[in-house]
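Given next are the chains, with one letter for each unit.
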Amino acid sequence: MAKETTTCTGNPSPADNFDCDGNCVNAGACGIAGVTVTATGSTATVSYDSNFPVGGFQFAVSGVTLTGVSSGLGDAQFNSETGVVIGFDFSGATLPAGSGVLAELSFEEVVGGATLVLSDGVVSSNEGVTLLSGFSGSADVPGCQTDCA
């Protein structure tokens, strides 16, 4: 079977893995995702920016003791002993391409403050293609103002 060539009106043919407007159409070749984290005294927001829908994620959290996680993906879980956080959706739901919230974390307040660290992160597309692997990030967590208990 011959390879189909796309010709763009008024433009040369697009580069492999891209459409006529220069958008990536192959997550395995040019899919990307970025992750950032911001924190308050007992919560953190892990945000993403991706050119493909996000179907799942996993990362490790250190520096705080996790007490909860939520995500727009239906099944987000964490292990408070290891700090591993994972999110996906058995029904196949995804987070949309673009920018948004990957996960909301909650954790115990820390008397003198702390640094929340994300490591060993992976973000995948709705088809299970890795968009970002090995990411890390951190955020300063302010100490509680009074007795943390």
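Since we're looking at a predicted model, the values are computed, not measured. The written sequence of each chain sets the order in which its residues are numbered from 1. pLDDT decides what is reported in this predicted model: residues at 70 or higher carry local features, side-chain atom pairs at 80 or more are listed and counted, and totals for whole chains, interfaces and linings draw on all residues regardless. Based on all heavy atoms of the structure, the side-chain values leave hydrogens and waters out of the count.

Overview of the overall build of the chain
Our working rule: For the purposes of this entry, the term helix denotes a DSSP run of H or I that reaches at least four residues, the term strand denotes a run of E that reaches at least two, and both are numbered from the N terminus. Radius of gyration: over C-alpha atoms. The globule rule applied is 2.2 Å multiplied by the number of residues raised to the 0.38 power. Relative accessible area decides the class of each residue, using a 1.4 Å probe on protein chains only: under 20% of the type maximum gives buried, over 50% gives exposed, and in between gives partly exposed. Residue contacts are defined here by distance: any two heavy atoms, one from each residue, within 4.5 Å place the two residues in contact.
Assigned secondary structure in the chain consists of 1 helix and 9 strands. Listed by position from the N terminus, the elements making up the chain come as α-β-β-β-β-β-β-β-β-β. At 19 Å, the chain has a C-alpha radius of gyration far larger than the 15 Å of a compact globule built from 149 residues. In terms of overall dimensions, the chain has a C-alpha envelope of 70 × 30 × 20 Å along the principal axes. Put simply, the chain has 149 residues, and 34% of those count as buried. Put simply, 61% of the contacts in the chain that link residues at least 6 apart link residues at least 24 apart.

Regarding the sheet that holds strand 4 (residues 66-70)
Selection criterion: Only when DSSP finds a minimum of two bridges between them are two strands counted as paired. For helices, the fitted line uses only the C-alpha atoms of the stretch in contact; every axis is such a line through C-alpha atoms, and the angle between N-to-C directions lies from 0 to 180 degrees.
Taking strand neighbours across the sheet as the criterion, the 4 strands line up as 1-2-7-4 in an open arrangement whose pairing is antiparallel. The open sheet is flanked by strand 1 (33-39) and strand 4, the only strands paired with a single partner. Between one strand axis and the next, the sheet turns by 25° as a mean value, whatever way the strands run. Taken together, the 8 bridges between strand 2 (residues 43-50) and strand 7 (residues 98-107) define a ladder with antiparallel strand orientation. Residue Ser 50 lies in a different strand from strand 7, and its bridge partner there is Gly 98.

Quick notes on the sheet that holds strand 6 (residues 84-88)
Strand order in the open sheet formed by 5 strands is 5-6-3-8-9, and the pairing between neighbours is antiparallel. Looking at the sheet topology across the chains shown, the edges are occupied by strand 5 (75-78) and strand 9 (130-141). Taking the axes of each pair of neighbouring strands and ignoring which way they run, one obtains an average angle of 15° across the sheet. Strand direction decides the pairing type here: strand 8 (residues 114-125) and strand 9, joined by 9 bridges, are antiparallel. By the bridge assignment, Ser 124 is partnered in strand 9 with Thr 130.

Concerning the packing of aromatic side chains
Condition: In this scheme Phe, Tyr and Trp rings, the latter by its six-membered ring, pair at centre separations within 6.5 Å, and the angle between planes marks the pair as stacked below 30 degrees, edge-to-face above 60, and tilted otherwise.
Within this structure, the stated rule accounts for 3 aromatic pairs. On the numbers, 4.9 Å between centres and 90° between planes, the contact of Phe 88 with Phe 90 is edge-to-face. Note on Phe 90: relative accessible area 73%, which makes it exposed. Ring pairs connect the aromatic residues Phe 57, Phe 59 and Phe 135, which therefore count as one cluster.

Description of unusual backbone geometry
Glycine aside, residues mostly have negative phi, and peptide bonds are mostly found in the trans state. The backbone phi angle of Asn 17 is positive, close to 75°, even though this residue is not glycine. Mapped onto the elements of the fold, Asn 17 is located in the segment before helix 1 (27-30). Taking the relative accessible area as the measure of exposure, Asn 17 reaches 31% and is therefore partly exposed. In this structure, Asp 120 takes a positive phi of about 50° despite not being glycine.

Keep in mind that these numbers describe shape and distance, not what the molecule does.
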